[in-house]
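Remarks on the overall topology
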Amino acid sequence: MRVLTPKEMLGLEARAREEFHFDEELIVENVGAQGAEFIRRRILSEGAAPKEIIFLIGGGNNGADALAMARHLCNQGSVCRAFMLFPEALAKRPTLAKQARLAAAFGVRLTEVRGIAQLSSYFTQ
């Protein structure tokens, strides 16, 4: 797997839009499906399945990608939780909001994080 710089990723996304006519939703869906497959093959197949797969969701389109991954993994039988670190971003980012709705419909547990204490308490239980 090759890791891209942010500039390289923006160029690749621009090419996908311009040359192949992918819209943002199709890009997110492909990233979600392929990311979930990568996690399933490389991480989940190596040992006992974790009780829960945790996603930390930011306020941008990478958050939408992560929610799509969580949805695909949940659909394949994994238990997934997504901590929404910037819940106010849902009102500003339509793709993120749509992926949150889809993820919830497929069984991903969404938790809006309003402060570090809330997130910390989950991990210290």
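1. Digging into the side chain of H72
Among the secondary structure elements, H72 is positioned in helix 3 (residues 61–75). By relative accessible area, H72 is classed as buried at 17%. Filtering out sequence-adjacent residues up to four positions away, H72 remains in contact with E29, G32, A33 and A36.

2. Concerning unusual backbone geometry
Phi is positive for H21, close to 65°, though the residue is something other than glycine. The topology assignment puts H21 in the loop between helix 1 (6–20) and helix 2 (24–42). Taking relative accessible area as the criterion, H21 reaches 66% and is therefore assigned exposed.

3. Quick notes on the pattern of salt bridges
Working definition: two side chains of opposite charge can pair if their charged atoms are close together. The full count for this structure, using the stated rule, is 8 salt bridges. Residue E25 pairs with K98 through a salt bridge whose shortest N-O separation is 2.8 Å. You can see E25 sitting in helix 2 and its partner K98 sitting in helix 4 (residues 94–105), a full 73 residues away along the chain. Accessibility expressed as a relative area gives 39% for E25, which makes it partly exposed. Since its relative accessible area comes to 29%, K98 is described here as partly exposed.

Criteria and cut-off values
Residues numbered from 1 in each chain as written. Predicted model: local features only at pLDDT ≥ 70, side-chain atom pairs only at ≥ 80, totals over all residues. Heavy atoms only, no water. Helix = DSSP H or I, 4+ residues; strand = E, 2+ residues; numbered from the N terminus. Buried < 20%, exposed > 50% of the residue type's maximum accessible area, 1.4 Å probe, protein only. Contact = heavy atoms within 4.5 Å. Salt bridge = Lys/Arg side-chain N within 4 Å of Asp/Glu carboxyl O.

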